[in-house]
Amino acid sequence: MTDIATAQARPNARSIANREKIYQAAMDLFRDRVLDAVTMQDIADQAGMSRASVFNHFHNKIALLGEFFERFTVEALEMAGASSATGFRGRLVSLFGPLGTIAHRNKPIIAQIASLAMGHGPLAELESELDNDLVRYFLDVIADAKQANEIRHDLDDNFLAHMLLGLLTVTAHDWVNSGQKTRLDEDLIARFDVLIAGVGN
């Protein structure tokens, strides 16, 4: 690729700033209203931009929710990765803390994502990609835990990682379905403590 083509393909600072402005405007609206009550024109008005500009960055509202879903997961994983926590339980809790904190700041958005990501919903493909990121984190935690002799060595790493993912997903959906009245991180820790007791040495 030529230097000119590379420069054209790379978003400029203004484009990045406009995309972020649109994203933040949409999230403000999604925190106050259900998805169906927000239009792309509403988002444009909130961002102080034209409707065409919004469509240049996000082709629909689902794409905006998908962006949140991805940022949410990546931020939680980055915070967990940067944590000084050690041990099997400690490293799991270092993920649940950020997940809980971000989820509680954005309850209405999380509830909408939950209804769109499960099974064959419009966010299911993205959910699958992000699940792979979570599985990789769990596999790393499991490997360290086995090396430290914290958990049973006869357990299949991949099976256990997917079990952890399944428990995380079910707990998050139960939290949404029960009205988000509890703290998600505390719900996760309570359920994972039962699982940890079963796999520990």
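J.: Could you give an account of unusual backbone geometry, with specific residues and numbers?
T.: The backbone of Asn-149 shows a phi angle near 60°, a positive value even though the residue is not glycine. Relative to the elements of secondary structure, Asn-149 occurs in the loop between helix H8 (124–147) and helix H9 (157–177). Residue Asn-149 is classed as partly exposed on the basis of its relative accessible area, which comes to 47%. Of note in this structure, Gln-180 is not a glycine but carries a positive phi near 55°.

J.: How would you sum up the pattern of salt bridges? Please name residues and give values.
T.: Taken as a whole and assessed by the stated rule, the structure comprises 13 salt bridges. Of the charged contacts in the structure, one is a salt bridge between Arg-91 and Asp-144, with a shortest N-O distance of 2.6 Å. Within this pair, whereas Arg-91 is found in helix H6 (residues 88–105), its partner Asp-144 is found in helix H8, the two being separated by 53 residues in sequence. On the basis of relative accessible area, Asp-144 is assigned to the partly exposed category, the value being 35%. In this structure, the salt-bridge partner of Arg-191 is Asp-174, at a minimum N-O distance of 2.9 Å. Pair noted here: Arg-191 is in helix H10 (residues 184–199) and Asp-174 is in helix H9, with a separation of 17 residues, a long-range link. Classification of Asp-174 as partly exposed rests on a relative accessible area of 33%.

About the cut-offs
- Residues numbered from 1 in each chain as written.
- Predicted model: local features only at pLDDT ≥ 70, side-chain atom pairs only at ≥ 80, totals over all residues.
- Heavy atoms only, no water.
- Helix = DSSP H or I, 4+ residues; strand = E, 2+ residues; numbered from the N terminus.
- Buried < 20%, exposed > 50% of the residue type's maximum accessible area, 1.4 Å probe, protein only.
- Salt bridge = Lys/Arg side-chain N within 4 Å of Asp/Glu carboxyl O.

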